[in-house]
Protein chains: 2
Amino acid sequence: MTTKEGAPQHGGRRTQNASMADVARVAGVSSQTVSRVSNGFPGVNDETRERVLAAMKELGYRPNSAARALKRGDFRTIGVITFTLSTTGNMRTLEAIATSAAQEGYAVTLLPVAVPTQDEVRGAFSRLGELAVDAVIVIMEVHLLDSARLSLPPHVKVVVADSDAGDRYAVVDTDQAGGTRDAVRHLLELGHRTVWHLAGPSESYAAQRRTDAWRTALEAAGRAVPPLVRGDWSAESGYRAGLRLAEQADCTAVFAANDQMALGLLRALDERGRRVPEDVSVIGFDDIPDSGSYPPPLTTVHQDFAEVGRRCVQSALRQVRESEPEHGTTLVPTRLVVRESTGRAAPRRG
Amino acid sequence: MTTKEGAPQHGGRRTQNASMADVARVAGVSSQTVSRVSNGFPGVNDETRERVLAAMKELGYRPNSAARALKRGDFRTIGVITFTLSTTGNMRTLEAIATSAAQEGYAVTLLPVAVPTQDEVRGAFSRLGELAVDAVIVIMEVHLLDSARLSLPPHVKVVVADSDAGDRYAVVDTDQAGGTRDAVRHLLELGHRTVWHLAGPSESYAAQRRTDAWRTALEAAGRAVPPLVRGDWSAESGYRAGLRLAEQADCTAVFAANDQMALGLLRALDERGRRVPEDVSVIGFDDIPDSGSYPPPLTTVHQDFAEVGRRCVQSALRQVRESEPEHGTTLVPTRLVVRESTGRAAPRRG
DNA sequence: AACTGTTATGTTTGCGTAAACATTCGGTGG
DNA sequence: CCACCGAATGTTTACGCAAACATAACAGTT
C-alpha cells in the first residue's frame, strides 16, 4: 500500500475535524470565503456558495467554537450556579433558563456547588471565571455572595435569581411578599382569627422573606402573631411540625412556606384526626405539579418559575450586549390557586 | 491630561481581561513561564513563581478557556441533552452528572429539547456539534436517536442514560426489570393473588420496560395478568386511574410505575373508601424524597439516580480519554424500600 | 579546561477563525 | 481609452495559550 503523497496528515488519523482550510481546499476557494459562507455574510457568488456548502457537507465541517470564541472575544454561554437542583423551583427555573438561552443562541453551563460554605462558593465563582461564560445566573441564597464576589472576573455579568443581592447585582425574584400577603389575606377572609406559619430554614432568604411578609400581614390586620414553627423545606419536616401543630387547639389555619412541607403537614393532621379543611385550613407555596393531587388538593401560591428563568436570561443578555451591569430587582408576580385545603373557619365563641 | 506614551492600548479600555503576555510583562518574565505557573508545571523557581502569582493577582488574570481549548484540542466540557428536567429522575441524574464532572474538571453544558420531534432532536445534536463538548450524555427516550445520530460529529462520544440505545452507544440504565421484579414479588409474598399495574406513557422506554417486567414477573409466577391501566407519570393521571381501579373489587395490589402517580392513586383510593394498605396495597417506583411522607408513606423501588449520573460521567470521560467509543449497558441496581402502603392481602375465599 | 547534565528560563510556532486590508476583474462614464 | 467603481475573492494578521524547541547558567566529572 503506497501512501498518497497528497495527504500530509500525520499518520492517517481520520477522526479529526475538518477545518475551514480543509473545506477551502476541497471547494477550491480561500478559507475566508468559507468563513463568509459559514457566517451567512453577503458578497459571495451563489455558485461559489453552493460549492462551499457542498464541501462542508462532504467533510462534515463544524465550526470550532473555541476558535470562534477566541476570535470574537465572547463565548455565547451563560453559567448557572446553584446549590442544588433538588427543588422544583430551581429545576424549573433552570429549565426555563436553558430554553430561553437556547433561543438566543446561547448555551448554558452548569456549576453546582455541593456545600454552601464560603470556600465552596468562592471556588465556584473562581472556576466560573476560568470557564467560558459571558454571564452568570446565580440561583441560590446569597449570604455568602459578598465575600465571594471578589473573585468574579470583572467582565462577567451577574444576575441573581430568587434571592436578595441588594443593589449589587441585577435580581429577578418572585414576589414573595405579595404571594404571602395573598395567602394570609385569603385565610383571614375565610374567617380565621389568625394564621400559623410553617417556615422554611432560616438560612434561606426566600423563607425569611415569606416569614417577614406573614408577620407583617398579620400585624397589618391587627391579628395575634402565633409562634413560628420551622421546617427545612422537606415533607418529612412538615410532618414533624404538623404533629406539633395538631396539638394546638386554637390553630385553624396554617401557611406553609412550601408545598412539600404542606404535604407532610397534611399527613400529620390527618393522623391526628384534624380534618382539612373542616378543622384546619392549609395553604402552601410554589404550586408544584403534585400539589393538585394532595389529599386534599392544596390551595397554594403559584410561582412562575419559567418566567423567572426567562427574565434572568433577558437581563443577562441585555448586560452582555450593552456591556454594562444592571442593578435593581424585577419582581415576578404570583397567583393564588384556591383548591380544597382551605375553608371557612368553624364558628367559635368569641 | 497628557496620555502616557507607555500605554499602547487602544483608547484606554480597562475592562479587558489580562492575558498571559500582560502578566509576563508585569512579572518581568516570558509568557511561557506564566503558562508554566498557570498550569502548575515544575521547573519554575519559587521566587519567580511568587512574582508571577503576584502579577496574576494584581491584574486579575484568568486563563482564557477558549484559547486553551483551541490549543489543546478539547473542551473539558460534557453536553447533556434532555427532553425535560421536570422529572425527579432527570433532575437528580443531571445534578450527579454536574457534580461528578466538576470533580474531574469538566463543565456541563445543558441542551434542552423542547419538543421531542425528530427535527428537534436533530437540531439539538447539530447544535451540540457546534458546541464545545467532548462528549454527550443523552437523558431521554431514544426512539428518535437512530435518525438523529447522522448529524453527530464523529469525535463526540455518547452515553445514553436510562434508556435503550441498542449496541450503538454506551448505556447506563437503572435495573428497571430487577426493581419491578422485586416490587411484584414483594406483593405476591404478601399474599396478593395478582398485581395490577399503573403504567407510564407508552412512548417512554422506562415505562415500557417496567410494564414488560411486570408482565413477565406475573407470568413467571403463574398469575393472571390484569388489564393495563395507563397514566402519564403525573399525580393527576394517577388520580384518574385510581378512580377506575377503585371500582375493581378484585384489585388488592397495584404497582405504580412512579411515585407521583402513586400519590394520585392513594388519593383516589382514599376518596373511594378503599383503605391502604388494609384493602389495597400500593407500591411505587423512584423513591422521590416526598414519598416517605405520603399518606401513608409509600413502599417503593428506590432508584439511585446519583449513581446513574456518576457512571454516565465515568463512561463519557473514559471514552474521551481513550478516544474510542464504548458499547454495552451498565445496570444500576435498585432497592426495595418497604414503608406502610403495602400489607398482607385480606383473607378471601378461593 | 573541556565535557556533561540539570535546572530555569526564553523563543518560535500554530491551533481555527474572522476582521482588516489587498487584489482581481468586468463593467461605466468622462 | 483610461480612470474609476463595486462585486467577488484572496492574503495577512492577531486572538491567548502551550507544545516543541532553544538557550543560558551553573555544578559536577573527568
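Okay, so let's go over this structure. (Residues numbered from 1 in each chain as written. Chains lettered and ligands numbered in written order. Predicted model: local features only at pLDDT ≥ 70, side-chain atom pairs only at ≥ 80, totals over all residues.)

Let us look at the overall build of chain A. The secondary structure content of chain A amounts to 12 helices and 12 strands. A fraction of 70% describes how many contacts in chain A between residues 6 or more apart in sequence connect residues 24 or more apart. (Helix = DSSP H or I, 4+ residues; strand = E, 2+ residues; numbered from the N terminus. Contact = placed C-beta atoms within 7 Å.)

Surrounding DNA strand C, one finds 25 residues, the nearest of these being A:Met20, A:Asn64, B:Ser30, B:Gln32 and B:Asn45. Sorting the residues of the surface near DNA strand C by element identifies helix 1 (20-27), helix 2 (31-38) and helix 4 (65-72) of chain A together with helix 2 (31-38) and helix 4 (65-72) of chain B as the ones contributing at least two each. In terms of residues, the surface near DNA strand C owes the most to one element, helix 4 of chain A, which gives 5 residues. (Near = placed C-beta within 6 Å.)

Right, let's get into the nonpolar core. Formed by 92 residues in total, the largest nonpolar core has its most connected members in A:Ile137, A:Val159, B:Ile137 and B:Val159. Apart from residues no more than four positions distant in its own chain, A:Ile137 is found in contact with A:Ile78, A:Val80, A:Ile97, A:Val159, A:Ala161, A:Cys312 and A:Ala316. Counting residues in each nonpolar core, the second largest holds 40 residues, with A:Ala207, A:Leu218, A:Tyr239 and A:Phe255 among its members. (Core = buried A, V, L, I, M, F, W, Y, C linked by C-beta atoms within 7 Å. Buried ≥ 20, exposed ≤ 12 C-beta atoms within 10 Å, placed from the backbone.)

Surveying the vicinity of DNA strand D reveals 23 residues, the closest of which are A:Ser30, A:Gln32, A:Asn45, B:Met20 and B:Ala67. Of all the secondary-structure elements, those providing two or more residues to the surface near DNA strand D are helix 2 and helix 4 of chain A together with helix 2 and helix 4 of chain B. A total of 5 residues in the surface near DNA strand D trace back to one element, the largest contributor, which is helix 4 of chain B. When grouped by side-chain class, the residues that make up the surface near DNA strand D number 7 nonpolar, 12 polar and 4 charged. (Nonpolar A, V, L, I, M, F, W, Y, C, P; charged D, E, K, R; others polar.)

For the rest of this paragraph, the subject is the interface of chain A and chain B. Taken together, the contacts link 47 residues of chain A with 48 residues of chain B. Those elements that place two or more of their residues in the side of chain A that touches chain B are helix 4, helix 5 (88-103), strand 2 (107-112), helix 6 (118-130), helix 10 (235-247) and helix 11 (259-271) of chain A. Looking at the side of chain A that touches chain B residue by residue, the classes come out as 25 nonpolar, 14 polar and 8 charged. Direction of pairing for strand 2 of chain A relative to strand 2 (residues 107-112) of chain B: antiparallel, over a ladder of 3 bridges. Its bridge partner lying in strand 2 of chain B, A:Leu110 is registered against B:Val108. (Pairing = 2+ DSSP bridges.)

The next thing to look at is the pairing of strand 3 (residues 135-139) of chain B. All names here are of chain B. Across the 5 residues that make up strand 3, a large majority, 5, are buried. Burial along strand 3 is two-sided: Ala 135, Ile 137 and Ile 139 and Val 136 and Val 138, pointing in opposite directions, are all buried. For strand 1 (residues 77-82) and strand 3, the ladder comprises 5 bridges, and the chain directions are parallel. Across the sheet, residue Thr 82 finds its bridge partner in strand 3, namely Ile 139. Bridge count for strand 3 against strand 4 (residues 157-161) is 5 bridges, and the pairing is parallel.

In this section: the sheet that holds strand 8 (residues 253-256) of chain B. All names here are of chain B. The strand order 7-6-8-9-10-12 describes an open sheet built from 6 strands, whose pairing is mixed. Of all the strands in the sheet, the pair left with one neighbour each is strand 7 (229-230) and strand 12 (335-337). As paired strands, strand 10 (residues 299-302) and strand 12 are joined by 3 bridges and run antiparallel to one another. Note on strand 12: the bridge partner recorded for Val 301 is Leu 336. The strands that helix 8 (residues 176-189) touches are strand 8, strand 9 (281-286), strand 10 and strand 12; relative to strand 9, the one it contacts most, it runs at about 165°. (Axes fitted to C-alpha atoms, helices over the stretch in contact; angles between N-to-C directions.)

Let us now look at the sheet that holds strand 2 of chain B. Sheet architecture is open: 12 strands sit in the order 11(A)-5(A)-4(A)-3(A)-1(A)-2(A)-2(B)-1(B)-3(B)-4(B)-5(B)-11(B), paired in mixed fashion. The open sheet has two edge strands, strand 11 (329-332) of chain A together with strand 11 (329-332) of chain B, and neither has a second partner. On average, adjacent strands in this sheet sit at an angle of 25° to one another, irrespective of strand direction. Running at roughly 165° to strand 4 (residues 157-161) of chain A, helix 12 (residues 305-322) of chain A makes contact with strand 1 (77-82), strand 3 (135-139), strand 4, strand 5 (170-174) and strand 11 of chain A of the sheet.

Let us look at the relation of the copies chain A and chain B. The two copies are related by a screw operation: chain A maps onto chain B through 180° of rotation and 0.1 Å of translation along the axis, at an RMSD of 0.3 Å. In the structure described here, the two chain copies are related by an operation that fits a two-fold rotation axis. Relative to the rotation axis, the closest C-alpha in chain A is found at A:Thr109, a distance of 2.0 Å. Most of the interface of chain A is mirrored in chain B, where 100% of its interface residues again form contacts. (Least-squares fit on C-alpha atoms with pLDDT ≥ 70 in both.)

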